[in-house]
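Structural overview
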Amino acid sequence: MKVRLLAAVATAVLLGAGAPVPAAAGPTGPAVSVASRPAVSVASRPAVSVAPGPAVSGTPGPAGVTPASGVVPPAPCPKAPAPRMSRPPRPSPPPAEPQERAVGGPALDTAGLVVPAGAARPPAVTAISWLVADLDTGQVLGGCGPHEYGTPASVQKLLLAATMLPRLDPQQVVTVTDGDMDIEPGSSAVGLVAGGRYRIETVWLGLLLQSGNEAANVLARLGGGPDGMAGGVRAMNEEAHRLGALQTHAVTPSGLDGKGQFTSAYDLALIARACFADPTFRRYALTEAHRIPAQPAQRTKGFEIQNENQLIYRYPGALGGKTGFTDLARHTYVGAAQRNGRRLVVTLLGAEPQPARGWEQGAALLDWGFSLPRGAAVGRLVEPGESTASAAATPSVLAATGEPRPAAASGPLEDGLVARWPVAAVVAAVIGLLGAALLWRRRAGRRRPS
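**Remarks on the pairing of strand β11 (residues 330-339)**
- Counting buried positions over the ten residues of β11 gives seven, a clear majority of the element.
- Sheet topology places strand β10 (residues 318-326) next to β11; eight bridges connect them, and they run antiparallel. Each residue of the ladder has a partner; that of alanine 318, found in β11, is alanine 337.
- Count of turn residues in the β10/β11 antiparallel hairpin: three residues.

Here is the structure:
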């Protein structure tokens with residue numbers, strides 16, 4: 001009777017406080033229903049403004065959000081016909097996070113085409129997703145599936161550059177190790193040799209001109225501190241998070257395929273913007289050729305490398321960029337150019353080289369971007385630290401797999417309970433006091449004489 005009375009009092013307190021009450025235990029144990037991910041308030045993200053423009057009536061977007069004025073409602077992306085190619089099965093991307101897909105503006109949360117009102121139709125390309133943005137103002141001029149997950153290939157080396165360029169002295173001479181040479185057979189390499197001694201600037205040029213995967217390993221190891229290459233990859237992910245590239249996760253420093261390695265066209269634009277803000281990177285990106293020195297101790301001769309990015313040779317005003325390819329990612333590309341006082345960047349993922357190569361598709365999209373009037377935009381590139389100040393913590397393994405969290409599991413409270421912890425504390429205190437009173441009554445009863 002006393003136990004039932006105690007339970008009734010606790011339930012009344014819970015209901016009065018507006019807190020949820022656990023379901024009664026059944027034959028198989030307590031029925032617990034929890035969200036598979038910690039609840040995140042939309043208000044926790046910084047407000048995102050979109051460039052003003054003529055009012056356009058749009059269709060409601062996710063959660064009833066209407067696209068911002070001056071933006072054409074999303075439509076299918078213009079696609080160029082491409083030959084059917086054999087490729088490995090695409091890995092399953094992480095679950096879509098509405099807050100991450102809305103970074104830069106609600107209009108960017110689409111798998112289709114998003115362009116400013118009145119804009120000419122962009123050229124048809126074979127890329128699965130792409131984005132064009134202004135490097136200086138941060139305005140996003142348009143895109144196709146800007147926040148769709150994609151596999152980066154060697155454009156991931158831009159994240160390595162954004163992370164390690166400020167950390168490493170370009171004049172320092174370093175020795176290449178056997179571990180640095182552990183790259184996938186047949187993958188791109190600049191020709192460094194184990195035991196060879198090179199200036200870090202030479203290693204950077206080998207990375208950016210010839211996409212050397214062994215060069216990526218060297219730079220990640222040097223910048224990774226005591227943890228070496230693993231520390232370098234961890235630093236890359238921390239830098240992506242700081243930049244607001246919340247959909248980017250690096251597993252390898254070079255962009256060679258790794259389980260769980262993803263990015264998006266929007267994230268690549270954030271990373272590219274950070275790179276092109278660095279004058280050293282800009283110089284490297286426009287370098288046409290560089291000589292790799294001989295290594296007498298290893299009996300290797302010197303040789304010359306050339307920049308693989310054809311944009312710098314064939315596109316007026318080119319600033320440079322990065323090419324990428326793996327069988328899984330297909331062709332990826334980042335390129336930037338300036339014209340009439342404007343600097344634009346284009347990013348694309350999952351392209352095929354026919355009927356046009358990756359850099360040519362990028363050049364066509366840059367032409368389209370330069371044709372738009374200044375101020376025409378569908379969103380913006382967030383500033384470093386802006387989107388991460390209140391970003392949600394990385395979900396647990398259970399949450400990532402969609403499995404319900406056991407009632408006794410440790411970790412953050414779910415389903416909005418985080419905001420109610422004072423109520424839970426009050427309830428616990430009340431129950432504790434009632435329990436103590438009951439225990440005192442029982443002990444007092446035992447001490448009475450018979």
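**Description of helix α6 (residues 228-243)**
- Here α6 is 16 residues long and its end C-alpha atoms lie 23 Å apart, about the 22 Å a rise of 1.5 Å per residue gives.
- Listed as buried for α6 are Gly228, Gly231, Gly232, Val233, Ala235, Met236, Asn237, Glu239, Ala240 and Leu243.
- On its buried side, α6 packs onto α3 (157-164), α5 (213-223) and α7 (265-276).
- Directly beyond the C-terminal end of α6, a positive phi value near 95° is found at glycine 244.

**Points about the nonpolar core**
- The biggest cluster of nonpolar side chains holds 66 residues, and the ones touching the most others in it are Trp204, Tyr266 and Phe281.
- Here the element with the most residues in this core is α7; it accounts for nine residues.
- Not counting residues up to four positions away in its chain, the partners in contact with phenylalanine 281 are Leu158, Ala161, Leu165, Leu208, Cys275 and Phe276.

**A look at the pairing of strand β5 (residues 139-144)**
- Counting buried positions along β5 gives six out of six residues, so the element sits mostly inside the fold.
- Of the strand pairs in this sheet, strand β3 (residues 113-114) and β5 are connected by two bridges, and their pairing is antiparallel. Across the sheet, valine 114 pairs through a bridge with glycine 143, a residue of β5.
- Here strand β4 (residues 129-134) folds back onto β5, and the loop between the two strands holds four residues, one of which, glycine 138, carries a positive phi near 80°.
- Relative to strand β13 (residues 379-380), β5 runs antiparallel, the two being bridged by two bridges. From the neighbouring strand, glutamine 139 faces β13, where its bridge partner is arginine 380.

**Considerations on the environment of leucine 165**
- Looking at where leucine 165 falls in the secondary structure, it is placed in the loop between α3 and β6 (173-175).
- For leucine 165, a relative accessible area of 12% gives the class buried.
- In sequence terms leucine 165 and glutamate 201 are 36 residues apart; their C-alpha atoms lie 9.8 Å from each other.
- The residues contacting leucine 165, other than those within four sequence positions of it, are Leu160, Trp204, Asp278, Thr280, Phe281 and Tyr284.

**What to know about the confidence of the model for the protein**
- Chain-level statistics for the protein give a pLDDT mean of 78 and a share of 70% at 70 or above.
- Between residues 392-431, whose pLDDT stays under 50, and residues either more than four places distant or in other chains, the model counts 36 contacts.
- Every residue in residues 438-450 scores below 50 in pLDDT, and together they form three contacts with partners more than four places removed in sequence or on other chains.

**Some remarks on the side chain of threonine 248**
- Its place among the elements puts threonine 248 in the loop between α6 and α7.
- Within polar-contact distance, the side chain of threonine 248 engages the side chain of threonine 263 at 2.8 Å.
- A polar side-chain atom of threonine 248 sits 2.8 Å from a polar atom in the side chain of aspartate 267.

**Topic: α5**
- For α5, a buried count of nine out of eleven residues is recorded, marking the element as mostly surrounded by other parts of the structure.
- Listed in full, the buried residues belonging to α5 are Asn213, Glu214, Ala215, Ala216, Asn217, Val218, Leu219, Ala220 and Gly223.
- Remark: glycine 225 follows α5 within two positions and exhibits a positive phi of approximately 70°.

**Thoughts on the packing of aromatic side chains**
- Per the stated rule, a full pass over the model turns up three aromatic pairs.
- For the ring pair tyrosine 149 and phenylalanine 262, a centre distance of 5.7 Å and an interplane angle of 70° mean the geometry is edge-to-face. Residue tyrosine 149 is located in the loop between β5 and α3, and its partner phenylalanine 262 is located in the loop between α6 and α7; the two are separated by 113 residues in the primary sequence.
- With relative accessibility at 5%, the residue phenylalanine 262 sits in the buried group.

**A closer look at the state of the cysteines**
- What the rule picks out here adds up to one disulfide.
- With a sulfur-sulfur separation of 2.0 Å, cysteine 77 is cross-linked through a disulfide to cysteine 144. Note on the cysteine 77 and cysteine 144 pair: the S-S dihedral is about 105°, so by sign convention the disulfide is right-handed. Taken together, the residues span a long stretch of sequence, with cysteine 77 in the loop between β2 (29-30) and α2 (98-101) and cysteine 144 in strand β5 at a distance of 67 residues.
- Its relative accessible area of 15% is what places cysteine 77 among the buried residues.
- For cysteine 144, a relative accessible area of 1% puts it in the buried group.

Conventions we followed
Residues numbered from 1 in each chain as written. Predicted model: local features only at pLDDT ≥ 70, side-chain atom pairs only at ≥ 80, totals over all residues. Heavy atoms only, no water. Buried < 20%, exposed > 50% of the residue type's maximum accessible area, 1.4 Å probe, protein only. Helix = DSSP H or I, 4+ residues; strand = E, 2+ residues; numbered from the N terminus. Pairing = 2+ DSSP bridges. Expected span 1.5 Å × (residues − 1). Contact = heavy atoms within 4.5 Å. Core = buried A, V, L, I, M, F, W, Y, C linked by side-chain atoms within 4.5 Å. pLDDT = per-residue confidence, 0-100. Polar contact = N/O pair within 3.5 Å; in protein donor to acceptor, adjacent residues only side chain to side chain. Phe/Tyr/Trp six-rings, centres within 6.5 Å; stacked < 30°, edge-to-face > 60°. Disulfide = S-S within 2.5 Å.

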